[in-house]
Amino acid sequence: MFKGFKDFLMRGNVVDLAVAVVIGSAFTTIVTAFTNGLIKPLINAIGGTDAANGLGYQIFANNKGTFLDFGGVINAAINFVLVAAVVYFVIVMPVKKLQERRKRGQEPGPSEPTDVELLIEIRDLLRAQSQGGNGRD
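Predicted model, so just to flag it, every value in this text is computed and none were measured.

Colleague: Before we move on, can you summarise the overall build of the protein chain with the specific residues and values?
Modeller: Helix and strand counts for the protein chain stand at four helices and two strands. Starting at the N terminus and walking to the C terminus, you meet the elements of the protein chain as α-α-β-β-α-α. Per-residue burial for the protein chain yields a buried fraction of 16% across its 137 residues. Here the contacts in the protein chain between residues at least 6 apart in sequence split such that 46% fall between residues at least 24 apart. For the protein chain, the accessible surface area stands at approximately 10800 Å², while carbon and sulfur atoms represent 66% of it.

Colleague: Tell me about the environment of V92, and please be specific about residues and values.
Modeller: Tracing the sequence through the fold places V92 in helix α3 (residues 70-105). In this structure the C-alpha to C-alpha distance between V92 and D16, which are 76 residues apart in sequence, comes to 8.1 Å.

Colleague: Tell me about the pattern of salt bridges, residues and numbers included.
Modeller: With the rule as written, the count across this model stands at one salt bridge. For R123, the salt bridge goes to D124, with nearest N and O atoms at 3.2 Å.

Colleague: Describe in detail a nonpolar patch on the surface, supporting the description with residues and values.
Modeller: A cluster of nonpolar side chains, namely Y57, I59, F60, L68, F70 and I74, defines an oily patch on the protein surface of about 570 Å² accessible area. For F60, the position within the fold is in the loop between β1 (56-58) and β2 (67-69).

Colleague: Please provide a residue-by-residue account of α3, values included.
Modeller: Given a rise of 1.5 Å per residue, 36 residues ought to cover 52 Å, and the 51 Å separating the end C-alpha atoms of α3 matches this to within 8%. Where α3 bends most, the angle comes to about 35°, and this point is Y88. Along α3, the residues classified as buried are G71, G72, N75, N79, V83, V87 and V95.

Colleague: Give a detailed account of the packing of aromatic side chains, specifying residues and quantitative values.
Modeller: By convention here, two paired aromatic rings are described through the distance between centres and the angle between planes. Under the criterion given, the structure shown has one aromatic pair. Here the aromatic rings of Y88 and F89 are separated by 5.1 Å at their centres, their planes lie at 80°, and the arrangement is edge-to-face. Under the relative-accessibility criterion, Y88 is labelled partly exposed at 38%.

Colleague: Quick rundown of the environment of I46? Include the residues and the values.
Modeller: Relative to the elements of secondary structure, I46 occurs in helix α2 (residues 12-46). Residue I46 is classed as exposed on the basis of its relative accessible area, which comes to 64%. Separated by ten residues in the primary sequence, I46 and G56 have C-alpha atoms spaced 9.9 Å apart.

Rules and cut-offs
Residues numbered from 1 in each chain as written. Predicted model: local features only at pLDDT ≥ 70, side-chain atom pairs only at ≥ 80, totals over all residues. Heavy atoms only, no water. Helix = DSSP H or I, 4+ residues; strand = E, 2+ residues; numbered from the N terminus. Buried < 20%, exposed > 50% of the residue type's maximum accessible area, 1.4 Å probe, protein only. Contact = heavy atoms within 4.5 Å. Areas by Shrake-Rupley, 256 points an atom, 1.4 Å probe, with all protein chains shown as cover. Salt bridge = Lys/Arg side-chain N within 4 Å of Asp/Glu carboxyl O. Patch = residues over 30% accessible without salt bridge, like charges linked within 9 Å, V, L, I, M, F, W, Y side chains within 5 Å. Expected span 1.5 Å × (residues − 1). Bend = angle between axes of the 7 residues up to and from the residue. Phe/Tyr/Trp six-rings, centres within 6.5 Å; stacked < 30°, edge-to-face > 60°.

Okay, structure coming up:
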């Protein structure tokens, strides 16, 4: 029962799905905080039309909704690269190595018993039953 469950978990598509869910939810928050707290201020320090807006361009001066935020796009790209690196180096590489190790270590299962071995086993079981039956009479 546990072997089947282990085989199910070690299939490639199940591992990939688990990686996507876990990494997407857990590490994205951490990486976003890192990029928003450390990287984005450095990008914003490069400048723009307004230091508060960061790296970007204001199309219409009287409409703040027309600000092109290049710093935000760069921040999102860095965020994506960091999440992808964490996924690859923390989850994908170790799982691949584990799967390769499993494949190398696989040995052929026990061979099927031959007809003679089955007949010998049946004979021995019948002999043990008949001897056990004689002691009860």
